[in-house]
Amino acid sequence: MPFVRISLNRRAGDFARRVGDGVHSAMVETLGIPEGDRFQIITQHDPGEIVYDPTFLDIARTDDIVIVQITLVAGRDRDVKSALYASIAEHLSADLGIRREDVFISLVEAAPADFSFGNGEAQFAHRLPPHLQSS
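Since the model is a prediction, treat every value here as computed from it, not as a measurement.

**So, the overall build of the chain**
- Broken down by element type, the chain carries 3 helices and 4 strands.
- Put simply, the chain runs from its N terminus to its C terminus through helices and strands in the order β-α-β-β-α-β-α.
- Scaling as 2.2 N^0.38, a compact globule of 135 residues should have a C-alpha radius of gyration of about 14 Å, and the chain matches this with 16 Å.
- Counting only contacts in the chain whose residues sit at least 6 apart along the sequence, the fraction spanning at least 24 positions is 72%.
- Only carbon and sulfur atoms are counted for the fraction: they give 51% of the accessible area of the chain, which is about 7800 Å².
- Taking the 13 positively charged and 20 negatively charged side chains of the chain as two groups, their mean positions are separated by 2 Å.

**Structural notes on the packing of helix α1 (residues 15-31) against helix α2 (residues 78-96)**
- The interhelical angle for the contact between α1 and α2, taken along N-to-C directions, is 145°, at an axis separation of 8 Å. Between α1 and α2 the crossing geometry is right-handed. The residues of α2 that touch α1, namely those facing Phe15, Arg18, Val19, Gly22, Val23, Ser25, Ala26, Met27, Glu29, Thr30 and Leu31, are Val80, Ala83, Leu84, Ser87, Ile88, His91, Leu92, Asp95 and Leu96.
- Grouping the constituent residues of the contact of α1 with α2 by class yields 12 nonpolar, 5 polar and 3 charged.

**Details of the packing of aromatic side chains**
- Counted according to the given criterion, the structure contains 0 aromatic pairs.
- Note that Arg11 overlies the ring of Phe15, its terminal NZ or CZ placed 3.9 Å from the centroid.

**Focus on the layout of surface pockets**
- By volume, the largest pocket amounts to about 210 Å³.
- Around the largest pocket sit Phe56, Leu57, Ile59, Arg61, Tyr85, Ala89, Arg100, Glu101, Val103, Phe104 and Ile105, which together line it.
- Secondary-structure elements contributing two or more residues to the lining of the largest pocket are α2 and β4 (103-110).
- In terms of residue count, β4 provides more of the lining of the largest pocket than any other element does, 3 residues in total.
- Split by residue class, the lining of the largest pocket holds 8 nonpolar, no polar and 3 charged.

**Concerning the sheet that holds β4**
- If you walk across this open sheet you meet the 4 strands as β2-β1-β3-β4, and the pairing is mixed. Each having just a single partner strand, β2 (40-45) and β4 make up the two edges of the open sheet. Pairs of neighbouring strands in the sheet enclose a mean axial angle of 15°, with direction left out of account.
- Here 6 bridges tie strand β1 (residues 3-9) to strand β3 (residues 66-73), and the two strands are oriented antiparallel to one another. If you follow Arg5 over to β3, its bridge partner there is Gln69.
- On top of the sheet, α1 reaches β1, β2 and β3; it is set at about 140° to β1, its chief contact.
- Strand contacts of α2: β3 and β4, with the helix running at about 145° to β4, the strand carrying the most contacts.

Cut-offs used in this document
- Residues numbered from 1 in each chain as written.
- Predicted model: local features only at pLDDT ≥ 70, side-chain atom pairs only at ≥ 80, totals over all residues.
- Heavy atoms only, no water.
- Helix = DSSP H or I, 4+ residues; strand = E, 2+ residues; numbered from the N terminus.
- Rg over C-alpha atoms; globule rule 2.2 N^0.38 Å.
- Contact = heavy atoms within 4.5 Å.
- Areas by Shrake-Rupley, 256 points an atom, 1.4 Å probe, with all protein chains shown as cover.
- Lys, Arg positive; Asp, Glu negative; His and termini not counted.
- Charge placed at Lys NZ, Arg CZ, Asp CG, Glu CD.
- Axes fitted to C-alpha atoms, helices over the stretch in contact; angles between N-to-C directions.
- Left-handed = near helix turned anticlockwise from the far one by under 90°.
- Nonpolar A, V, L, I, M, F, W, Y, C, P; charged D, E, K, R; others polar.
- Phe/Tyr/Trp six-rings, centres within 6.5 Å; stacked < 30°, edge-to-face > 60°.
- Lys NZ or Arg CZ within 6 Å of the ring centre and 35° of its normal.
- 1 Å grid on protein atoms, 1.4 Å probe; cavity = no way out; pocket = protein on both sides within 12 Å on 5 of 7 lines; lining within 4 Å.
- Points joined across faces, edges and corners; volume = space filled by probe spheres on them.
- Pairing = 2+ DSSP bridges.

Below is the structure:
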């Protein structure tokens, strides 16, 4: 049930969709979400519309930066989050040639009642799906 926003500078072809594929694969592998649990908004920007510090924390970033924001149910420990970060960077690097330095990830944690998947209902307000009960 994660909700993902991906921002990147405009690229040709299906590059943006492939970025989304890599992020989703990493979440399936590390978070154990179902394969079909995919909700993403991928936004491509013109030059200058993504503002970032090219050297913050001594990490050399370029205009190939990809910013990934994931909103998900709270409760995963630091090791799981670290594995997710590493897996996303690895997928994007191996599959698309994106430098690991250019992968910026932010997690936003929310309670299950903070999600509605349709019908104006908070489907998980009182009962989590099985894949989240042990998280």
